[in-house]
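Read off the chains here:
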Amino acid sequence: MIQSTFNDCKLSSELLKAINLLNFMSPTRVQEQVIPAVLGQKDIIVKSQTGSGKTAAFAIPICDLVDWDENKPQALVLTPTRELAVQVREDVFNLGRFKRLKVAAVYGKYPFHVQEKELKQKTHVVVGTPGRLIDHIERGTLETSNIKYLVIDEADEMLNMGFVEQIKTIVESLPQERVTILLSATMPQDINLLCRRIMNNPIRVEIEEQNPAAERIAQERYQVNQTDKMQLLRDLTMVENPDSCMIFCNTKQTVDEVYAELVTLNYSCEKLHGGMEQRDRLGVMKEFKQGIFRYLCATDVAARGLDIEDISLVINYDIPHECESYVHRIGRTGRVNKLGKAMTFVTENETKFLEDIHDYIGKEILLKERPDEETVRQSKQEFMAKIKTLPEIKASKGAQLSTEIMKIHVNAGKKTKMRAVDIVGTLCSLQGITAADIGIINILDVSTFVEILNDKGEQVLQALQNTPIKGRLRKVSKAER
Ligand code: AMP
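Residues numbered from 1 in each chain as written. Predicted model: local features only at pLDDT ≥ 70, side-chain atom pairs only at ≥ 80, totals over all residues. Heavy atoms only, no water.

A. Highlighting the sheet that holds strand S10 (residues 269–272). Spatially, 7 strands are ordered S10-S11-S9-S12-S13-S8-S14 in an open sheet, and the strand pairing comes out parallel. For this open sheet the edge positions go to S10 and strand S14 (366–367), each flanked by a neighbour on one side alone. Pairing between strand S9 (residues 245–248) and strand S12 (residues 313–316): 4 bridges, direction parallel. Note that in S12 the partner of Phe248 across the bridge is Asn316. Sheet strands touched by helix H11 (residues 229–240): strand S8 (217–223), S9, strand S11 (295–298), S12 and strand S13 (340–346). Its angle to S13, the strand with the most contacts, is close to 160 degrees. (Pairing = 2+ DSSP bridges. Helix = DSSP H or I, 4+ residues; strand = E, 2+ residues; numbered from the N terminus. Contact = heavy atoms within 4.5 Å. Axes fitted to C-alpha atoms, helices over the stretch in contact; angles between N-to-C directions.)

Have a look at this one:
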């Protein structure tokens, strides 16, 4: 079979450049189907797992199609969780970087006025969770009259979380003439009903995983008493000594307990659950992605869709009560065709959940004996050595994109009537600088941030020390990222 390339997709050079710097060599199977369909303005229903490259599948054509000159949002992406909204925003932003696209994320438990301010500026794509999106639409802070692309991501999870009415409310506020893309790992009947209502003659694509998670991930289970789980966790982590590990519990309370215990034992550990402040949740996710700590203790809020590379081990400290949740949890390891390992603790009266999972995944999870004392003892030295070393910090996905972009800060903003055209005019008057070297311009009340592309940041920074902007010399410095 001849491998297709992104060049076959007839994308703009700005998109191809971002794709290249993100190291996407060729389109994934879902991208091969979705990119041409969306470029051809077709509605599309996509059944595929996370980890298949589905975010880029809709983000690439949308970034390519949106009109930079238009100030009102042109694409709206709905996600079930706030963490996913932030992650999708980042993916869209990275892909649209060289087209200078502005992408906003709006979600609950975050100051409304901050999002309102951001939405007042030029925004091409908005990613958000349903409740907060409705708030913005109803208060008139999110203009939907120009939305041409609607994406419903993780649709099955949206419906599980009871968002169906909210989705309908949002859709009613959008123009009828639009492209709608719905993505889901499973296709229960209520999703089909929703599709019939909100889509127009959609194409359907179903991407069977070539190497499904269930085969890629070594799955084991351990029979254990509730009171003995902590000791088993200690023994297994000592023997496995993973570089990064997620420990899933069924309740916030258990997460808190396990986390407290592991911290006492000096594990490099953080926790994540719905009872935490949103800022803390996002901070923890970001640091885990960077590999700043090794163990993340979490409820199912961290099970869906989140894309964290190289998690070597997933432990279900509590067996999940829903089969889908099992698949999502173990799917945090073995991402994008890598190998992974998942261990599940099962207590005596949880056999029913185990049997359901076996039926669901179509095979039995291997029953293992807990490691004996001698094995644990032998592993101790190496484990203690790793505990004392800091993990290697991973570069963020967009790091490669940022190396040739410098963000500069100009000490003037809206209050001194600074406009994007003033900045562009000055920059284009500098020798060797053209509009193609200018990235996103963000004008705040008393500050302006400008991205300088193509490795020309230093040159611009120097030149602006002696070049007036809007008639006056301004204080210009390199911005903190
Ligand atoms: P997703 O299914 O959207 O969660 O994506 C899973 C991961 O695949 C993400 O880390 C993407 O950055 C990565 N990815 C997406 N498209 C490609 C591609 N064409 N080649 C390589 N990696 C990709």
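B. Representation of the pairing of S10 in the model. Strand direction decides the pairing type here: S10 and S11, joined by 4 bridges, are parallel. Within S11, the residue paired with Cys269 across the bridge is Tyr295. As for the winding sense of the linkage, the β-α-β connection from S10 through helix H13 (residues 278–290) to S11 is right-handed. (Right-handed = clockwise from strand over helix to strand, strands pointing away.)

C. Fine view of the domain arrangement of the protein. As far as domains go, the protein holds domain 1 (6–206), domain 2 (215–387) and domain 3 (405–478). For domain 1 and domain 2, the distance between their C-alpha centroids amounts to 31 Å. With 15 residues of domain 1 at the interface, the matching set in domain 2 holds 17 residues. Carbon and sulfur atoms make up 47% of the area that domain 1 and domain 2 hide from each other, which totals about 1,500 Å². (Domains from an automatic or database assignment. Buried area = accessible area lost by both parts, 1.4 Å probe.)

D. Region of the structure containing empty space enclosed by the protein. Across all of its chains, the model carries 2 cavities of 30 Å³ or more by this definition. Each pocket or cavity is described by its volume, and for the largest cavity that value is around 70 Å³. Residue lining of the largest cavity: Asn241, Pro242, Tyr267, Ser268, Arg294, Tyr295, Phe383, Lys386, Ile387, Thr389 and Pro391, and that is the complete set. Looking at the lining of the largest cavity, its residues break down into 6 nonpolar, 3 polar and 2 charged. Roughly 40 Å³ of volume is contained in the second largest cavity. As for the second largest cavity, its lining consists of 10 residues, of which Ser48, Lys54, Glu154, Ser184 and Ala185 are closest to the centre. The residue inventory of the lining of the second largest cavity, partitioned by class, reads 2 nonpolar, 3 polar and 5 charged. (1 Å grid on protein atoms, 1.4 Å probe; cavity = no way out; pocket = protein on both sides within 12 Å on 5 of 7 lines; lining within 4 Å. Points joined across faces, edges and corners; volume = space filled by probe spheres on them. Nonpolar A, V, L, I, M, F, W, Y, C, P; charged D, E, K, R; others polar.)

E. Structural view of the packing of aromatic side chains. The final tally for this structure, using the stated rule, is 5 aromatic pairs. Between Tyr267 and Phe383, the ring centres sit 5.3 Å apart and the planes meet at 55 degrees, which makes this aromatic pair tilted. Of this pair, Tyr267 sits in the loop between helix H12 (252–264) and S10 while Phe383 is found in helix H16 (residues 373–388), placing the two residues 116 residues apart along the sequence. Residue class for Tyr267 comes out buried when judged on its relative accessible area of 7%. Lying across the ring of Phe93, Arg89 places its NZ or CZ 4.9 Å from the centre. Sitting above the plane of the Phe449 ring, Lys407 keeps its charged end 5.5 Å from the centroid. (Phe/Tyr/Trp six-rings, centres within 6.5 Å; stacked < 30°, edge-to-face > 60°. Buried < 20%, exposed > 50% of the residue type's maximum accessible area, 1.4 Å probe, protein only. Lys NZ or Arg CZ within 6 Å of the ring centre and 35° of its normal.)

F. Molecular detail of the nonpolar core. One finds Phe58, Ile60, Ile62 and Ile181 to be the most contacted residues of the largest nonpolar core, which totals 50 residues. The element contributing the most residues to this core is helix H3 (residues 54–65), with 7 residues. Ile62 has contacts with Ala75, Val125, Tyr149, Val151 and Ile181, leaving out every residue within four places of it along the chain. Ranked by size, the runner-up nonpolar core spans 28 residues in total, among them Leu76, Val106, Leu119 and Cys195. (Core = buried A, V, L, I, M, F, W, Y, C linked by side-chain atoms within 4.5 Å.)

G. Representation of the pattern of salt bridges in the model. Summed over the entire model, instances satisfying the criterion amount to 23 salt bridges. Notably, a salt bridge pairs Arg281 with Glu83, separated by 2.7 Å at the nearest N-O pair. Taken together, the residues span a long stretch of sequence, with Arg281 in helix H13 and Glu83 in helix H4 (residues 82–95) at a distance of 198 residues. Across the pair, Glu83 and Arg281 agree in class, each one buried. The salt bridge partner of Asp422 is Arg419, with a shortest N-O separation of 3.1 Å. When its relative accessible area of 12% is taken as the criterion, Asp422 is described as buried. In this structure Arg419 comes out as partly exposed when scored by relative accessible area, which is 45%. Several salt bridges converge on common partners, so that one network encompasses Glu220, Glu240, Lys341 and Lys368. (Salt bridge = Lys/Arg side-chain N within 4 Å of Asp/Glu carboxyl O.)

H. Structural view of the packing of helix H5 (residues 112–120) against helix H6 (residues 130–138). Here H5 crosses H6 at 65 degrees, and the two axes come no closer than 12 Å. Helix-helix and strand crossings are classified by hand; for H5 and H6 the assignment is right-handed. Contact residues: H5 offers Phe112, Gln115, Glu116 and Leu119, while H6 offers Arg132, Asp135 and His136. Residues that form the contact of H5 with H6 fall into these classes: 2 nonpolar, 2 polar and 3 charged. (Left-handed = near helix turned anticlockwise from the far one by under 90°.)

I. Seen up close, the sheet that holds strand S16 (residues 438–443). An order of S16-S17-S15-S18 is seen for the 4 strands of this open sheet, with the pairing classed as antiparallel. Each of the sheet's edge strands pairs with one partner strand only, and the pair in question is S16 and strand S18 (476–478). Taking each pair of neighbouring strands and ignoring which way they run, the sheet shows an average axis angle of 25 degrees. Bridge count for S16 against strand S17 (residues 448–452) is 4 bridges, and the pairing is antiparallel. Paired with Ile443 across the strands is Thr448, a residue of S17.

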